[in-house]
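# Structure at a glance
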Amino acid sequence: MAKITKLDDIVSLCKRRGFIFQSSEIYGGLASCYDYGPLGVELKNNVKKAWWKTVVQMRDDVVGLDCSILMHPMVWKASGHADKFADLIVECKKCNTRTRVDHLKDHCEEHTAHIAIDSALASAPELSNKVCPNCGSVGNFTEPMPFQLMFETQMGANVDDAMTMYLRPETAQGIFANFRNVLDTTRVKIPFGIAQIGKSFRNEVTTKAFIFRTREFEQAELEFFCEPGTDEEWFEHWKKCRFEWYIGLGLKKENLRFRQHDADELAHYAKSCADVEYKFPFGSGDWQELEGIANRTDYDLRQHQRGIRTMTKWYENNRDMTKIELTDEPQDYQSGPLSYFDIEKKKRYVPYVIEPSAGIDRSALAFLVDAYDEEEVRGEKRNLLRFHHALAPIKVGVFPLVKRDGMPEIARNIYEDMKKHFNCFYDEKGAIGRRYRRQDEAGTPFCITVDGQTLEDKTVTVRKRDSMEQVRVTTDSLKSFLYDKLEV
Ligand code: GAP
């Protein structure tokens, strides 16, 4: 039977099996915010672990970081987010619904970076034939206007020291702000990268498709610092690495591709950008961005050098960044506080940056979609998630065939032993076939069953999720058998 790839199937499975719930559901739900349930949090943690392993652990040239979500407001002034991180929107004059201009014609496409607002404002978009996605009204819009995407909040209890803060819209800036700290406290030498996984927040105008575009989400970002002139080479290097990461974790090659950004959709910091796109099963089955790989040049470090120089104005203006302009860059910016000195080449410069920026939630959705399968087995429908072993929330199910003859005790012992090594699930309720099906649906790659033969020869049945093949393994060799197969 052909695989069904409708988003509805995934959403329903996620709810039914406790992968993902709507946030605040008991109060009617909060739009575009989601909670990860018991299976979902394992899946998400595994996606993060897999990313960290490839991007940090397995490389000698990348170190990790974990920055706070709240940062000094000047970070966002310097980075450009305070002035430019906005979507160009219009309001429908009939129903008052606001829509991103670039989403008007084909509502299912994600083709424009948020920050390409300068060019969009420069050439007024033609709206007379555009359709309001809410009420269907044609060409009935207000003039396009920018809509700030950063969430604001207040910090400080006293009027004197209170200030407006922003929830970070990307994790990257925490890395740039710590570039000097990392340089001064480790032995990194260019080329090297700093990686971070963490929450980001954007007050998105149009949210969409389950966890694809939400207002709170998790990013896995690497800022890879290199010598100017070597940036194109590293850009290609990281494009290749990141594409291979998705393939290595089981995404089907035919569902993945690259898309190079056109000049008019580049973010304000980028010289070039390529998206890894996945063929998600929503909209008209279009390709959607999974990850962006950008050449950010020396833009961010140079901007933060200007930011540091602007601090006197910040104090003079009572900590209100909306009242100040960044101080100009000096001629000798190449030797500023965020420059790098290459001892061998005896050369000081502000490094260029290549940034692979992945969405953890979006990746989790792609892994769920790609793993989802339905097949007919002996006249019955079998739902399963063919997760890569590294991503499977539960690695091993352990069952006694029946609840008698000492089988539950043996199975419990095996479970207690195995759970020291793998995430396991013990189940003795219901028919064995149903227990297998429940684990298939959770994506569990192996199920161990203690049966009558176990009592005679100390072997158990190990049943494989994908092929349903069953093999007998001695209880003594179970651990090495599973280590070998799971490669964890
Ligand atoms: N630092 C660069 C940056 O943030 P981006 O293309 O805006 O670039 C990178 O975001 C990745 O973060 C996207 O490819 C996507 O996977 C994820 N992402 C961005 N906005 C998101 C949202 N509203 N919901 C879920 N994931 C999002």
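Residues numbered from 1 in each chain as written. Predicted model: local features only at pLDDT ≥ 70, side-chain atom pairs only at ≥ 80, totals over all residues. Heavy atoms only, no water.

### Observations concerning the overall build of the chain
Selection criterion: Numbering goes from the N terminus for both helices and strands, where a helix is a DSSP run of H or I of at least four residues and a strand is a run of E of at least two. Classification of residues uses two cut-offs on accessible area relative to the type maximum, computed with a 1.4 Å probe and protein chains only: under 20% is buried, over 50% is exposed, and between them is partly exposed. Whether two residues are in contact is decided by their heavy atoms: any pair within 4.5 Å suffices. Throughout, the Shrake-Rupley method with a 1.4 Å probe supplies accessible areas, and for residues the shown protein chains are the sole cover considered. Counted as positive: Lys and Arg. Counted as negative: Asp and Glu, with His and the chain ends omitted from the count. A charged residue contributes its charge at one atom only: NZ of Lys, CZ of Arg, CG of Asp or CD of Glu.
Along the chain, the regular secondary structure elements total 15 helices and 23 strands. Referenced to the eigenvectors of the C-alpha coordinate spread, the extents of the chain come out at roughly 85 × 65 × 50 Å. Counting over 488 residues, the chain shows a buried share of 53%. Expressed as a percentage of contacts within the chain between residues at least 6 apart in sequence, the contacts between residues at least 24 apart total 67%. Only carbon and sulfur atoms are counted for the fraction: they give 49% of the accessible area of the chain, which is about 22500 Å². Mean positive and mean negative side-chain charge positions of the chain (70 and 77 charges, respectively) differ by 4 Å.

### A word on unusual backbone geometry
Cis geometry marks the peptide bond from Ile190 to Pro191, where omega comes out at 10°. Within the secondary structure, Pro191 is located in the loop between helix H7 (179-185) and strand E9 (192-201). One non-glycine residue, Asn96, adopts positive backbone phi at about 65°. Residue position: Asn96 is located in the loop between strand E4 (86-91) and strand E5 (98-100). Backbone geometry at Phe210 places phi at a positive 60°, although glycine is not the residue there.

### Considering the sheet that holds strand E3 (residues 62-64)
Short version of the rule: Two strands form a pair only when DSSP identifies at least two bridges running between them. Angles run from 0 to 180 degrees between N-to-C directions of axes, and those axes are lines fitted to C-alpha atoms, restricted for helices to the stretch in contact.
Read across the open sheet, the seven strands follow the order E3-E9-E10-E16-E13-E12-E11; overall the sheet is mixed. Each having just a single partner strand, E3 and strand E11 (256-260) make up the two edges of the open sheet. When the angles between neighbouring strand axes are averaged without regard to direction, this sheet yields 25°. Where E11 meets strand E12 (residues 272-279), five bridges bridge the pair, whose relative direction is antiparallel. Considered in E12, the bridge of Phe258 is made with Val276.

### Comments concerning the site of the ligand
Note the following rule: Any residue with a heavy atom lying within 4 Å of a molecule or strand is counted as near it. Under the rule applied, a polar contact is a pair of N or O atoms within 3.5 Å (in protein, one hydrogen donor and one hydrogen acceptor; residues adjacent in sequence only if both atoms are side-chain atoms).
Every one of the 19 residues lining the ligand counts as a neighbour, but Glu170, Glu204, Thr214, Glu221 and Glu289 are closest to it. At 2.7 Å from a nitrogen atom of the ligand is found a side-chain nitrogen or oxygen belonging to Glu204. Measuring from an oxygen atom of the ligand, one finds a backbone N or O atom of Gly359 at 3.1 Å. Contact with the protein chains covers 91% of the free accessible surface of the ligand, which is 550 Å². When contributions to the shell around the ligand are tallied by element, the ones reaching two or more residues are strand E10 (216-226), strand E13 (287-297) and strand E16 (352-359). Of the residues forming the shell around the ligand, the biggest block, five residues, is contributed by E13.

### Comments concerning the nonpolar core
Going by this rule: Within this scheme, the nonpolar core is defined by two criteria: the residues are buried Ala, Val, Leu, Ile, Met, Phe, Trp, Tyr or Cys, and they are joined through side-chain atoms within 4.5 Å.
Among the nonpolar cores identified, the biggest contains 59 residues, and Phe19, Trp51, Tyr246, Leu290, Leu365 and Leu368 are the most heavily contacted of them. Considering every element that reaches this core, the biggest residue donor is helix H11 (residues 360-371), with eight residues. Here Leu368 is in contact with Ile10, Cys14, Phe19, Ile20, Leu43, Leu385 and Phe387, once residues within four sequence places are set aside.

### What to know about the pairing of E12
E12 sits mainly inside the fold: seven of its eight residues count as buried. Here E12 pairs with E13 via eight bridges, running antiparallel. Within E13, the residue paired with Ser272 across the bridge is Asn295.

### Examining the pattern of salt bridges
Here is the rule we go by: Salt bridge, as used here: a side-chain nitrogen of Lys or Arg that lies within 4 Å of a carboxyl oxygen of Asp or Glu.
Under the criterion given, the structure shown has 47 salt bridges. With a closest N to O distance of 2.9 Å, Glu91 and Arg98 form a salt bridge. A salt bridge links Glu277 to Arg259; the nearest nitrogen and oxygen atoms lie 2.9 Å apart. Of this pair, Glu277 sits in strand E12 while Arg259 is found in strand E11, placing the two residues 18 residues apart along the sequence.

### Some thoughts on the confidence of the model for the chain
Counted only if it meets this: Predictor confidence is given residue by residue as pLDDT, running from a minimum of 0 to a maximum of 100.
When pLDDT is averaged across the chain, the result is 92; 94% of the residues are at 70 or more. Within the model, pLDDT remains below 50 along residues 107-113, and this stretch shows 28 contacts once partners closer than five positions in the same chain are excluded.

### Notes on the packing of helix H1 (residues 7-16) against H11
As a reminder, the rule being used: Here is the rule for angles: anything less than 35 degrees is roughly parallel, anything more than 145 is roughly antiparallel, 65 through 115 is roughly perpendicular, and the remaining ranges are oblique. The nonpolar class holds Ala, Val, Leu, Ile, Met, Phe, Trp, Tyr, Cys and Pro. Asp, Glu, Lys and Arg form the charged class, and all remaining residues, Gly among them, are polar.
It is at 10 Å that the axes of H1 and H11 come closest, and there the two elements cross at 105°. The orientation of H1 relative to H11 falls into the category roughly perpendicular. From H1, Leu7, Ile10 and Cys14 reach across to H11, where they touch Leu365, Leu368 and Val369. Residues belonging to the contact of H1 with H11 are distributed by class as follows: six nonpolar, no polar and no charged.

### Some points on H11
Here is the rule we go by: Residue count minus one, scaled by 1.5 Å, sets the expected span of a helix.
An ideal rise of 1.5 Å per residue puts 16 Å on 12 residues; H11 measures up with 16 Å between its terminal C-alpha atoms. Counting buried residues along H11, 12 of its 12 residues qualify, which places the element largely inside the surrounding structure. By the burial criterion, the buried members of H11 are Ile360, Asp361, Arg362, Ser363, Ala364, Leu365, Ala366, Phe367, Leu368, Val369, Asp370 and Ala371.

### So, the packing of aromatic side chains
As a reminder, the rule being used: Stacked, edge-to-face and tilted labels apply to pairs of Phe, Tyr and Trp rings (six-membered ring for Trp) whose centres lie within 6.5 Å, assigned for plane angles under 30 degrees, over 60, and everything in between, in that order. Cation placement over rings: the criterion is NZ of Lys or CZ of Arg within 6 Å of the ring centroid and within 35° of the ring normal.
Across all of its chains, the model carries 22 aromatic pairs by this definition. Here the guanidinium or amino end of Arg362 rests over the ring plane of Phe212, the centre of that ring lying 3.7 Å away. Taking NZ or CZ as reference, Arg412 lies 4.3 Å from the ring centre of Tyr426, over its face.

### So, the pairing of E16
Extensive coverage of E16 is indicated by the burial of eight of its eight residues. Here E10 runs beside E16; their pairing, made up of six bridges, is antiparallel. Bridge pairing in E16 links Gln219 to Gly359. Bridge count between E13 and E16: six bridges; the pairing is antiparallel. Its bridge partner being in E16, Asn295 is matched across the sheet by Ile354.

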